[in-house]
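Residues per chain are reported as follows:
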Amino acid sequence: MDLRIFTEPQQGATYDTLLTVAKATESLGFDAFFRSDHYLAMGDSTGLPGPTDAWITLAGLARETTRIRLGTLMTAATFRLPGVLAIQVAQVDQMSGGRVELGLGAGWFEEEHKAYGIPFPKEKFARLEEQLEIVTGLWATERGQTFDHHGTHYDLTKSPALPKPTQPRVPVLIGGHGATRTPRLAARYADEFNMPFASVEDTARQFGRVRDAAKEAGRDPGDLVYSNALVACVGKDDQEVARRAAAIGREADELRTNGLAGSPAEVVDKIGRYAETGSTRFYLQILDLHDLDHLELISAEVQSQLS
């Protein structure tokens, strides 16, 4: 069972703060450090001191860490041209010695596009599908060969398809709640399917759809990793859980229902229920990035029971 730390820096975090959390992630034995790819704070947060770019952040962390995997949940396809994205991810993979994973989604937050002058196309899913075909196609093209793609949204002619990642294949993550197109896309392109912020019951249904889509595509459903992303709020007792919930503007009871919250024993039990659906990896959304004691508790009292 892999536990990964997942951050939301658009809510307000400097690179130095993210570096501190990433180093704690590594020293405490977690599997990976992931971050969102957003440029605008959500909810009541001011977002101060301002956003950081996902792939610039991961490039820095690639040189400052040695073991943990690094990636995005999820890079927005609307933010980057696919050829440029393939170069960026390949370079960060080289910088990390082959520890990068690419979560790629369609993009959904219209306000951040307006705030930073990024086009927000009406048809996003078809663009995502083309991006996946291009990015994976560029990486798979043999050295000395060229790559061409003539699609509806993107046109590449005689691309040298360079640079190459260090890994033979950079793991690609696809996720979401869509009942038809998302499972089909995952069956074709994903190494991992991630179900974000969903109940055990909804997770089981969606994993079933992905498995069915994989079979229809002629792929072994067991080839994919199945994972969940859930907010974490763990405390030694009810008072500590309540304090950590209040620090992120949430209620403890609500988090117990919708996340991984409560005592270490409660959280381990709930992870077990998700594991029964086939989930083998959990992205723990950590919203208070200054509470490193939280990570230490999860490492000592939750992760230790799962390993």
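None of the values given here were measured: they were computed from a predicted structure. (Residues numbered from 1 in each chain as written. Predicted model: local features only at pLDDT ≥ 70, side-chain atom pairs only at ≥ 80, totals over all residues. Heavy atoms only, no water.)

Draft legend 1. Spatial organisation of the nonpolar core. Grouped together as the largest cluster of nonpolar side chains are 70 residues, with contacts concentrated most on Trp 55, Trp 139, Leu 284 and Ile 298. Here this core takes 7 residues from helix 5 (residues 125-140), the largest share from any one element. With near-sequence residues (within four places) excluded, Trp 55 lies in contact with Thr 72, Thr 75, Arg 80, Leu 85, Val 89, Val 92, Val 100, Glu 101 and Leu 102. (Core = buried A, V, L, I, M, F, W, Y, C linked by side-chain atoms within 4.5 Å. Buried < 20%, exposed > 50% of the residue type's maximum accessible area, 1.4 Å probe, protein only. Helix = DSSP H or I, 4+ residues; strand = E, 2+ residues; numbered from the N terminus. Contact = heavy atoms within 4.5 Å.)

Draft legend 2. Expanded view of helix 2 (residues 54-64). When helix 2 is considered as a whole, its buried residues turn out to be Ala 54, Trp 55, Thr 57, Leu 58, Ala 59, Leu 61 and Ala 62. Looking at the packing, one finds that the buried side of helix 2 touches helix 1 (15-27), strand 2 (32-35), strand 3 (69-72), strand 4 (75-76), helix 3 (82-96) and strand 5 (100-105).

Draft legend 3. Spotlight on the packing of helix 5 against helix 6 (residues 181-189). Relative to each other, helix 5 and helix 6 sit at 5°, their axes nearing to 11 Å. Put simply, helix 5 runs roughly parallel to helix 6. Seen from helix 5, the contacting residues are Phe 125, Ala 126, Leu 128, Glu 129, Leu 132, Glu 133 and Thr 136; seen from helix 6, they are Arg 181, Thr 182, Arg 184, Leu 185, Arg 188 and Tyr 189. Grouping the constituent residues of the contact of helix 5 with helix 6 by class yields 6 nonpolar, 2 polar and 5 charged. (Axes fitted to C-alpha atoms, helices over the stretch in contact; angles between N-to-C directions. Parallel < 35°, antiparallel > 145°, perpendicular 65-115°, else oblique. Nonpolar A, V, L, I, M, F, W, Y, C, P; charged D, E, K, R; others polar.)

Draft legend 4. Here's a closer look at the packing of aromatic side chains. Overall, the coordinates contain 7 aromatic pairs when judged by the stated rule. Look at Tyr 39 and Tyr 116: their rings are 6.2 Å apart centre to centre, the planes differ by 55°, and that puts the pair in the tilted class. Note that Tyr 39 is positioned in the loop between strand 2 and helix 2 and Tyr 116 in helix 4 (residues 110-116), a separation of 77 residues in sequence. We classify Tyr 116 as partly exposed; its relative accessible area is 47%. Where Phe 193 meets Phe 207, the ring centres are 6.3 Å apart and the plane angle is 80°; that geometry is what we call edge-to-face. Of the two residues, Phe 193 is situated in strand 9 (residues 192-196) and Phe 207 in helix 7 (residues 200-216); the sequence distance between them amounts to 14 residues. Residue Phe 207 is classed as buried on the basis of its relative accessible area, which comes to 0%. Among the aromatic residues, ring-to-ring pairing joins Tyr 39, Phe 79 and Tyr 116 into one connected group. When the ring centre of Tyr 226 is taken as origin, the NZ or CZ atom of Arg 211, which lies over that ring, is 4.6 Å away. (Phe/Tyr/Trp six-rings, centres within 6.5 Å; stacked < 30°, edge-to-face > 60°. Lys NZ or Arg CZ within 6 Å of the ring centre and 35° of its normal.)

Draft legend 5. View of the pairing of strand 5. Summarising burial for strand 5: 6 of the 6 residues are buried, a large majority. Side-chain alternation along strand 5 places Val 100, Leu 102 and Leu 104 on one buried face and Glu 101, Gly 103 and Gly 105 on a second face that is also buried. In this structure, strand 3 lies alongside strand 5, joined through 2 bridges in parallel fashion. Its bridge partner being in strand 5, Leu 70 is matched across the sheet by Val 100. Of the strand pairs in this sheet, strand 4 and strand 5 are connected by 2 bridges, and their pairing is parallel. In the sheet register, Ala 76 faces strand 5, and the bridge partner there is Gly 105. Handedness of the β-α-β unit built from strand 4, helix 3 and strand 5 comes out right-handed. Bridging between strand 5 and strand 8 (residues 172-175) involves 2 bridges; their strand directions are parallel. (Pairing = 2+ DSSP bridges. Right-handed = clockwise from strand over helix to strand, strands pointing away.)

Draft legend 6. Structural context of unusual backbone geometry. The omega torsion of the bond from Leu 73 to Met 74 falls at -20°, within 30 degrees of zero and hence cis. Of note, Met 74 is situated in the loop between strand 3 and strand 4. Along the chain, Leu 162 connects to Pro 163 via a cis peptide bond; the corresponding omega equals 0°. Relative to the helices and strands, Pro 163 is located in the loop between strand 7 (155-159) and strand 8. Positive phi outside glycine occurs at Ala 161, with the angle close to 55°. Inspection of the secondary structure puts Ala 161 in the loop between strand 7 and strand 8.

Draft legend 7. Structural detail: the environment of Gly 175. As for its placement among the helices and strands, Gly 175 is situated in strand 8. Its relative accessible area of 29% is what places Gly 175 among the partly exposed residues. In sequence terms Gly 175 and Asn 194 are 19 residues apart; their C-alpha atoms lie 4.4 Å from each other. Residues in contact with Gly 175, not counting those within four places in the same chain, are Met 74, Thr 182, Phe 193 and Asn 194.

Draft legend 8. Representation of the packing of helix 6 against helix 7. One way to put it is that helix 6 packs onto helix 7 with a least axis distance of 8 Å and a crossing angle of 50°. Our classification of the angle between helix 6 and helix 7 gives oblique. Crossing of helix 6 against helix 7: the hand is right-handed. Residues Thr 182, Pro 183, Arg 184, Ala 186 and Ala 187 of helix 6 form the contact with helix 7, whose own contacting residues are Gln 206, Arg 209, Val 210, Ala 213 and Ala 214. (Left-handed = near helix turned anticlockwise from the far one by under 90°.)

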